[in-house]
Amino acid sequence: MKPSIPVTERRLAFAAEWYHAEAGIIRPFLITYYVSDKAVEVFDQRNKRTFLRRTKIPELTQRDFFVGSKINVFGRQFDIVDYADEITRTNLAKYRKKGFILLKNNMWAKHLGHFLKVMIDNKININKGLMVQFSPKMVTQFLSGKDVSSSSVLMNELLAGPAISLELIGDNVTETIKACATYKNPEHEASNIKLSPSLEELCECEEIRNGFYFADNEEDVAKDLKFFFEPGQSIIKECVFKNTTLAIIKPHSIKDGLLGDIILEIMSNGFRVTAMRMILMARINCEEFYEVYRGVLPEYIPMVAQLASGVCMCLEIASSDPEKDVHQEFRNFCGPMDPEIAKLLRPHTLRAKFGKSKVQNAVHCTDLPDDTNLELQYMFKIID
């Protein structure tokens, strides 16, 4: 028997799936999230029994739960595939719409951090992100069947350099992005969407306004998301692997809405992003990645739990000055592992500005120069 729930208690219920790799089968589950105490209950629908009794999991927040998201519950990754009841559907459906946007090379190289920050500040969350490198064949495939004016111009823009594809989640997200793209055009005047002052300020810049492609209906959103984010796609931009280093923006920073702020800070301090992907890591991958700290740092277990608690952003970082040792330069820029020490000794570092504790210290950076390419390989190739 499933426990009864007080009528007044707010909860969210979702149909979820777990892929059992050894058996090669997908098993259905019911996941309930209790808003008041951030607790999760998991019910095994196949065996008709409770898999996990109501348990507090502070790493998971309400923002993690929507159709299409992936969540980690004590090392097991679940795909949320539908709402489990009409109350949850009514409460969330209009606030958890998906959108797709593709940032062109000439725009994101200058404005990525600012663009993401404004989106997030306007309650448009970044759920997936990938730096991609188009070939002529891939551009043709991407534009096939699209009603895009000046498609030859867009093709040339996408071939000019890496682009960044993003899955967005938010209320009226597609309509809002369309209003941004048509800002100052007659089409915008006829729109029912009123942009916030920060979005209007963002779109005042013509380079930003014309610097992205977006899908303007649910059907195209689904097609574009499948094109870029379906497993097995080979469109990801390869790492440089030469005088570069790895940065990981941790899940707690992304959940706190700091993704844009941190990237803005990185790119405005003489660093370039040469590869990028957002990923939800299984706990076993987090353990492998942090293996070097096992038995060395007392924070090893909570570090693993934090990295597995949600999506993280992996960045290959290069210096704007090719003569500099980017590994040491970026490591210094991140600051001491403990944010409290960073605030005292190096207040201008990333961890001083955005970190909370030794575990929730905003970013991971490669500690040893010899580990740089190993970590990049792991996050961008091996983990697939």
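Note that the structure is predicted; figures quoted are calculated from it, not measured.

## Considerations on the overall build of the protein chain
Right, on to step 1. A count of helices and strands for the protein chain gives 17 helices and 14 strands.
Right, on to step 2. Taking 2.2 N^0.38 as the reference for a compact globule, 384 residues should give roughly 21 Å; the C-alpha atoms of the protein chain span a radius of gyration of 21 Å, in line with that estimate.
Right, on to step 3. On the principal axes, the C-alpha backbone points of the protein chain span a range of 60 × 55 × 40 Å.
Right, on to step 4. Intrachain contacts of the protein chain at a sequence separation of at least 6 include 68% that bridge at least 24 residues.
Right, on to step 5. Summed over all atoms, the accessible surface of the protein chain reaches about 18,500 Å², with 51% contributed by carbon and sulfur.

## Things to note about the sheet that holds strand E1 (residues 11-20)
Right, on to step 1. Taken in spatial order, the six strands make up an open sheet running E4-E3-E2-E1-E6-E5, and their pairing is antiparallel. The two strands at the open ends of the sheet, each matched to only one other strand, are strand E4 (49-56) and strand E5 (70-73). Sheet twist, expressed as the average angle between the axes of neighbouring strands with direction ignored, equals 30°.
Right, on to step 2. Examined bridge by bridge, E1 and strand E2 (residues 25-34) share ten bridges and lie antiparallel to one another. Residue pairing for E2: Ala15 is matched across the bridge by Leu30.

## Some words on the packing of aromatic side chains
Right, on to step 1. By the definition in use, this model includes 21 aromatic pairs.
Right, on to step 2. By way of ring pairs, the aromatic residues Phe100, Phe134, Phe142, Tyr213, Phe227 and Phe228 are connected into one cluster.
Right, on to step 3. In this structure, Arg76 packs its charged tip against the face of Trp18, placed 3.5 Å from the ring centre.
Right, on to step 4. Just above the ring of Phe142 sits the side chain of Lys146; from NZ or CZ to the centre is 4.8 Å.

## Quick notes on the confidence of the model for the protein chain
Any region with low pLDDT has predicted coordinates that should not be read closely.
Right, on to step 1. Mean pLDDT over the protein chain works out to 91, with 96% of the residues at or above the 70 mark.
Right, on to step 2. In this model, residues 1-7 is a region of pLDDT below 50 whose contacts with residues beyond four sequence positions or in other chains number five contacts.

## As for the state of the cysteines
Right, on to step 1. Taken as a whole and judged by the stated rule, the model has zero disulfides.
Right, on to step 2. Cys365 supplies the cysteine sulfur nearest to Cys334, a cysteine that is in no disulfide, at a spacing of 3.8 Å.
Right, on to step 3. The class for Cys334 is buried, based on a relative accessible area of 0%.
Right, on to step 4. Judged by its relative accessible area of 2%, Cys365 is buried.

## A closer look at the packing of helix H2 (residues 105-121) against helix H11 (residues 259-267)
Between two packed helices, both the angle of their axes relative to each other and the distance between the axes serve to describe the pair.
Right, on to step 1. The interhelical angle for the contact between H2 and H11, taken along N-to-C directions, is 155°, at an axis separation of 7 Å. Of the possible angle classes, the one that applies to H2 and H11 is roughly antiparallel. By crossing handedness, the relation of H2 to H11 is classed as left-handed. Residues Trp108, Ala109, Leu112, Gly113, His114, Leu116, Lys117 and Ile120 of H2 form the contact with H11, whose own contacting residues are Leu259, Gly260, Asp261, Ile263, Leu264 and Met267.

Criteria and thresholds
Residues numbered from 1 in each chain as written. Predicted model: local features only at pLDDT ≥ 70, side-chain atom pairs only at ≥ 80, totals over all residues. Heavy atoms only, no water. Helix = DSSP H or I, 4+ residues; strand = E, 2+ residues; numbered from the N terminus. Rg over C-alpha atoms; globule rule 2.2 N^0.38 Å. Contact = heavy atoms within 4.5 Å. Areas by Shrake-Rupley, 256 points an atom, 1.4 Å probe, with all protein chains shown as cover. Pairing = 2+ DSSP bridges. Axes fitted to C-alpha atoms, helices over the stretch in contact; angles between N-to-C directions. Phe/Tyr/Trp six-rings, centres within 6.5 Å; stacked < 30°, edge-to-face > 60°. Lys NZ or Arg CZ within 6 Å of the ring centre and 35° of its normal. pLDDT = per-residue confidence, 0-100. Disulfide = S-S within 2.5 Å. Buried < 20%, exposed > 50% of the residue type's maximum accessible area, 1.4 Å probe, protein only. Parallel < 35°, antiparallel > 145°, perpendicular 65-115°, else oblique. Left-handed = near helix turned anticlockwise from the far one by under 90°.

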